[in-house]
Amino acid sequence: MDKMTSNSKNSNRQVRVLAIIISKLTYLAIGFIIAINIIVFLPPVFGYQVFDVVSGSMEPAIKTNSIIYVQQVSPENLAQDDIITYNNNGVITHRVVSNDIAKSQIITKGDANVQNDLFPVSYSNIVGKVCFSIPYAGYYVSLISNLWGKILILLVVVVCLLVNEMVKKILN
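Here the residue index of a chain counts from 1 through its sequence in written order. Only residues with pLDDT of at least 70 are given local features in this predicted model, and only at 80 or more are side-chain atom pairs given and counted; all residues enter the totals for whole chains, interfaces and linings. Neither water nor hydrogens contribute to the side-chain values; these are computed over all heavy atoms in the structure.

Q: Could you clarify how one ought to interpret the overall build of the protein in this entry?
A: Elements are defined by DSSP. Helices are runs of H or I of four residues or more, strands are runs of E of two residues or more, and each kind is numbered from the N terminus. Looking only at helices and strands, one finds 3 helices and 7 strands in the protein. Relative to the globule expectation of 16 Å for 172 residues, the C-alpha radius of gyration of the protein, 25 Å, shows a markedly less compact shape. With respect to the three principal axes, the spread of C-alpha positions in the protein is 95 × 30 × 25 Å. The contact rule is simple, with two residues in contact once any of their heavy atoms fall within 4.5 Å. For the protein, long-range pairs separated by at least 24 residues make up 56% of all intrachain contacts whose partners lie at least 6 apart in sequence. Using the Shrake-Rupley algorithm and a 1.4 Å probe, accessible areas are obtained, with residue cover drawn only from the displayed protein chains. A total of about 11100 Å² of accessible surface is found on the protein, and carbon and sulfur atoms cover 63% of it. The convention is simple: Lys and Arg are positive, Asp and Glu are negative, and His and the chain ends are not counted. We put the charge of a Lys on NZ, of an Arg on CZ, of an Asp on CG and of a Glu on CD. Taken together, the 13 basic and 10 acidic charged side chains of the protein have centroids lying 20 Å from each other. Computation of the radius of gyration draws on C-alpha atoms, with the globule rule given as 2.2 Å multiplied by the number of residues to the power 0.38.

Encoded structure:
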């Protein structure tokens, strides 16, 4: 009888430890989702625009599927080697080669490109200067940019909360 009681206690202890681990993992998953959303959605409050990098033209400095934080600046203050984001039939992020203040335009080049871009960037098309980037965070931005991605994230949170409630019942 003692051996059975001992096995039962060990089994209960293992279930409790597993339940605690699962509970902590669900909190970790929810915390991760909250942190990523803060990283993506809070910067505009501080004057940054957030963009998803979809091409490799700025590799290795900015990896494909990074997110970049762009702050509006006076184009006259942009200097060689600054990385800027601008509109030209879509949003482009390239490095400043030269700034022609007299013509109000900038020559740019992608780091991975051999030659300068064909057309200068007019000051009026400049969105701003890239302040920093977070590699691979663009995967999340791409995911939540469509309805199914939002539904998936919501389902993950709901499942985590349900699992956590089940764990609480097991532990009580």
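Moving on from the coordinates now.
Q: Looking at this structure, how should I read the pattern of salt bridges?
A: Opposite charge on two side chains permits them to pair, given that their charged atoms come into close proximity. Salt bridges are counted wherever a side-chain nitrogen of Lys or Arg sits within 4 Å of a carboxyl oxygen of Asp or Glu. Applying the stated rule across the entire model yields 3 salt bridges. The salt bridge involving D82 is made with K129; its shortest N-O contact spans 3.5 Å. Taken together, the positions of D82 in the loop between strand 2 (67-71) and strand 3 (83-87) and K129 in strand 7 (residues 126-134) put the pair 47 residues apart, joining distant regions of the chain. Think of it in three bands: residues with accessible area under 20% of the maximum for their type are buried, residues over 50% are exposed, and the middle band is partly exposed, with areas taken using a 1.4 Å probe on protein chains only. Residue classification places D82 among the buried positions, given a relative accessible area of 13%. Among the residues examined, K129 registers a relative accessible area of 30% and is labelled partly exposed.

Q: Is there a simple way to think about the sheet that holds strand 7 in this case?
A: Hydrogen bonds between backbone atoms are what pair the strands of a sheet, whose relative direction is either parallel or antiparallel. Across the sheet, which stays open at both edges, the 7 strands sit in the order 1-2-7-3-4-5-6 with antiparallel pairing between neighbours. Whereas interior strands pair on both sides, the edge strands pair on one side only; in this sheet they are strand 1 (48-52) and strand 6 (121-122). For two strands to be treated as a pair, DSSP must find at least two bridges joining them.

Q: Any chance you could explain the nonpolar core here in plain terms?
A: The nonpolar side chains of a soluble globular protein tend to be buried with one another. Counting residues in hydrophobic clusters, the biggest one holds 10 residues: I33, I36, V40, I67, Y69, A137, Y140, V141, I144 and I153. Those elements giving two or more residues to this core turn out to be helix 1 (2-41), strand 2 and helix 2 (138-144). Ignoring anything within four residues of it in the chain, the contact list for Y140 reads I33, I36, N37, V40 and I153. Buried Ala, Val, Leu, Ile, Met, Phe, Trp, Tyr and Cys residues that are joined via side-chain atoms within 4.5 Å together make up what is termed a nonpolar core.

Q: Would you mind showing me how to read a nonpolar patch on the surface here?
A: Nonpolar side chains (Val, Leu, Ile, Met, Phe, Trp, Tyr) are joined into patches within 5 Å and like charges within 9 Å, using only residues with over 30% relative accessible area and no salt bridge. Residues I34, I38, L42, V45 and F46 make up a contiguous nonpolar surface patch of roughly 510 Å² in combined accessible area. Along the chain, I34 turns up in helix 1. A residue is classified by how much of its surface remains accessible, and I34, at 47% relative accessible area, is partly exposed.

Q: What is the right way to look at the side chain of T26 in this model?
A: Position of T26 among the secondary structure elements: in helix 1. Its relative accessible area of 7% is what places T26 among the buried residues. N or O atoms within 3.5 Å of each other form a polar contact, as long as, within protein, one can give a hydrogen and the other can take it, and as long as residues adjacent in sequence are counted only when both atoms are side-chain atoms. Here S23 takes part through its backbone oxygen, which lies 2.6 Å from a polar atom of the side chain of T26. With near-sequence residues (within four places) excluded, T26 lies in contact with C160, V163 and N164.

Q: Is there a simple way to explain unusual backbone geometry in this structure?
A: Comment: phi is negative for the bulk of residues other than glycine, and the bulk of peptide bonds are trans. A cis amide bond, omega 10°, links E59 with the succeeding residue P60. Checked against the element boundaries, P60 lands in the loop between strand 1 and strand 2. With a phi close to 55°, S104 is a non-glycine residue in the positive phi region. In this structure, Y136 is a non-glycine residue whose phi angle is positive, near 70°. As for its placement among the helices and strands, Y136 is situated in the loop between strand 7 and helix 2.

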